[in-house]
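Each chain is listed here by its residues.
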Amino acid sequence: QVQIVESGGGLVQPGGSLRLSCAASGFTFSSSTMSWYRQVPGKERELVARIFSRGGTTNYADSVKGRFTISRDNAKNTAYLQMNSLKPEDTAVYYCKARTSWDWDYWGKGTLVTVSS
């Protein structure tokens, strides 16, 4: 049974930091591309960052480049999103997605990040 579980969200002041975790099971994590998306009410879900299985190549949305870092620990079947210099516009529900080598997508239920003073 596939499980994708995000954690680490919460309330943080502007300029602060959070680290999100995505714990995965039920599929071959090491050969899967892991991504973080975010969504605010009334808007489409947008890709924030992605890390490929081979070589660890990463991609970032322009809005988070230089502030967010995606990483993975294949031994722990976990992906991370380190978020620094947070802004109010980063407020959203953050979702983790796994794309397997068969191009099957699995989503978590999301974790809420609120950036506010």
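Values in this document were obtained by computation on a predicted structure and should not be read as measured data. (Residues numbered from 1 in each chain as written. Predicted model: local features only at pLDDT ≥ 70, side-chain atom pairs only at ≥ 80, totals over all residues. Heavy atoms only, no water.)

### Digging into the sheet that holds strand β1 (residues 3-7)
Stage number 1. In spatial order, the strands read β1-β3-β8-β7; together these 4 strands make up an open sheet with antiparallel pairing. Because the sheet does not close on itself, it has two edges, and the strands there are β1 and β7 (68-73). Strand after strand, the sheet turns through a mean of 15 degrees between neighbouring axes, direction not considered.
Stage number 2. As judged from the 6 bridges shared by β7 and strand β8 (residues 78-83), these two strands associate in the antiparallel manner. Across the sheet, Arg 72 pairs through a bridge with Ala 79, a residue of β8. (Pairing = 2+ DSSP bridges. Helix = DSSP H or I, 4+ residues; strand = E, 2+ residues; numbered from the N terminus. Axes fitted to C-alpha atoms, helices over the stretch in contact; angles between N-to-C directions.)

### Observations concerning the pairing of β1
Stage number 1. Only one face of β1 is buried, namely the one carrying Ile 4 and Glu 6, since none of Gln 3, Val 5 and Ser 7 on the opposite face is buried.
Stage number 2. Inspection of the sheet shows β1 paired to strand β3 (residues 18-25) by 5 bridges, in the antiparallel sense. Residue Ser 7 lies in a different strand from β3, and its bridge partner there is Ser 21. (Buried < 20%, exposed > 50% of the residue type's maximum accessible area, 1.4 Å probe, protein only.)

### Things to note about the packing of aromatic side chains
Stage number 1. Inspection of the entire model under this criterion finds 4 aromatic pairs.
Stage number 2. Centre to centre, the rings of Tyr 95 and Trp 107 are 6.5 Å apart; their planes meet at 80 degrees, and the pair counts as edge-to-face. Residue Tyr 95 is located in strand β9 (residues 92-99), and its partner Trp 107 is located in strand β10 (residues 105-107); the two are separated by 12 residues in the primary sequence.
Stage number 3. Looking at Tyr 95, the relative accessible area reads 13%, which means it is buried.
Stage number 4. Ring geometry for Trp 102 and Trp 104: centres 6.3 Å apart, planes at 25 degrees, overall stacked.
Stage number 5. Of the aromatic side chains, those joined through ring pairs into one cluster are Tyr 37, Tyr 95 and Trp 107.
Stage number 6. The residue whose ring lies beneath Arg 45 is Trp 107, and the NZ or CZ to ring-centre distance is 4.7 Å.
Stage number 7. The aromatic ring of Phe 29 is capped on one face by Arg 72, whose charged end is 4.8 Å from the ring centroid. (Phe/Tyr/Trp six-rings, centres within 6.5 Å; stacked < 30°, edge-to-face > 60°. Lys NZ or Arg CZ within 6 Å of the ring centre and 35° of its normal.)

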